Amino acid sequence: MLFITLLLITLSFSGCIQEEESNDEKETINNIDELDVCSILPDWKDGEYHEYYKTTDLLNEFQIKYPDLVNLFSIGESVLGKNIWCIRITNEKNNQVKYNCLIDGCIHGCEWEAGEACLYFAEYLLINFGKNESITNILNVTEIYIVPLLNPDGRQADDRFNANGVDLNRNFNIDFGRIRGGSLRVGTVLGKKVFTYREFPRLHKWFSSFPRFLLNCGRRPFSEPETQALRDLTYEIDSHDLSFYLNCHTAVHNIATPWTAFNPPFEMTNQEKKIFTYVKEWVAENTEYENADLSFEGEGYKASGTSTDWCFKEFKVPSFTFEILSQDYEPAAGGGKHDSLVHWMKTTLPVFMYLLVNIENLHDWQIPDIQPPLPEDVPPTPLS
Ligand SMILES: [Zn+2]
């Protein structure tokens, strides 16, 4: 009995050796050492943001520089014909069955840092592969799909909506078009482009609180090429078993989970609630971000038609909305602002790394209690 226990312990701490033995089973990644802190950070500078063309250049640079780690491809085109890029990061030389996850950003085009965080995280993984043990282990056993700019037209126009005036994060097939879920079904009935985000600060004159029911969700679920592209990519990834989904936004300073739909399609299980609660509490305790304690019950923020809810509904995988920055930066509250880029990027790393090192637990809906190894100065001291 003692021998068997020792053997099991040895196996669980030797993921790299196990790889040679099992070709059809997913590897455990709980051999990550908490003391492994020597990863390095991307060499970014404040003020150097990546709009659509700079994002395209950077992703191509990744592919040229790291051909064995990066696969860059387009998942479709935006309304105005821009490619929606996806980058898959994994050790391509290791062809065992792996865990899969999906991270996206800038579904709202004016939320620049949501896209920047995706790029920063991609670069962080790439520059540390083969040098840092934890990140090397992660890329050996995980395929990370990242879509940094889901709404390239919105990013170029600095607009929440896509070029049809649709809020893409109300266009998914989950409690679609419900006014009390902050979405108005208008589509092209009133002319092609119904709203732009710049109109919203002016609307505050007429409404005491933000008129979220005016968010144009389109005429039907997945009416927009951008949401169709993400839908098809997610089905494709899930055919190899998706483990978790993370949808990045700004600037509400928290992490949220299903349901935000006004009328959820089913009640989640106690185990699902437990895992969602655990993740939100971990984030609140270990980062500067807050627990958006708004899910499960009827009170508070409502949003129907979101990608996070849809992913949970459709694939039953842990799905998260990560609101980067703080509310001082919120575009709806007077234009928003973009500064302290490097600081904000560092604040996102603990969340990304936490989810990744726990990918096996998340996949199995088990308690994600593995601590991520982090570089020095991460998380950074919050801005005053
Ligand atoms: Zn957003």
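It should be emphasised that the depicted structure is a prediction, and the values quoted were computed from it without experimental measurement.

With that settled, consider the coordination of the zinc ion. Taken together, the protein ligands of the zinc ion are His108 (ND1), Glu111 (OE), Glu111 (OE) and His249 (ND1), with distances of 2.1 to 2.3 Å. Coordination geometry of the zinc ion: the four donor atoms subtend angles of 58 to 149° at the metal centre, consistent with an arrangement described as irregular. Linear spacing of the donor residues for the zinc ion on their chain is H-x2-E-x137-H. In this pair, Glu111 is assigned in the loop between β3 (99–105) and α4 (112–128) and His249 in strand β5 (residues 242–250), connecting sequence segments 138 residues apart. Classification of Glu111 by relative accessible area gives buried; the value is 3%.

This paragraph deals with the packing of helix α3 (residues 52–65) against α4. Here α3 crosses α4 at 15°, and the two axes come no closer than 11 Å. Judged by the angle between their axes, α3 and α4 are roughly parallel. In this structure, the crossing between α3 and α4 has a hand that is left-handed. Here Thr55, Leu58, Leu59 and Phe62 of α3 come into contact with α4, specifically with Leu119, Ala122, Glu123 and Leu126. For the contact of α3 with α4, the residue count by class is six nonpolar, one polar and one charged.

Read from one edge of the open sheet, eight strands run β1-β2-β4-β3-β5-β8-β6-β7, paired in mixed fashion. The open sheet terminates on both sides in strands that have one partner only, identified here as β1 (70–77) and β7 (290–291). One ladder, built from two bridges, connects strand β6 (residues 254–256) with β7; its direction is parallel. Within the sheet, the bridge partner assigned to Ile255 lies in β7 and is Asn291.

The rules behind each value
Residues numbered from 1 in each chain as written. Predicted model: local features only at pLDDT ≥ 70, side-chain atom pairs only at ≥ 80, totals over all residues. Heavy atoms only, no water. Donors = N, O, S within 2.8 Å, 3.2 Å for Na, K, Ca; no water. Tetrahedral: all angles 85-135°; square planar, octahedral: opposite > 155°, others 65-115°. Helix = DSSP H or I, 4+ residues; strand = E, 2+ residues; numbered from the N terminus. Buried < 20%, exposed > 50% of the residue type's maximum accessible area, 1.4 Å probe, protein only. Axes fitted to C-alpha atoms, helices over the stretch in contact; angles between N-to-C directions. Parallel < 35°, antiparallel > 145°, perpendicular 65-115°, else oblique. Left-handed = near helix turned anticlockwise from the far one by under 90°. Contact = heavy atoms within 4.5 Å. Nonpolar A, V, L, I, M, F, W, Y, C, P; charged D, E, K, R; others polar. Pairing = 2+ DSSP bridges.

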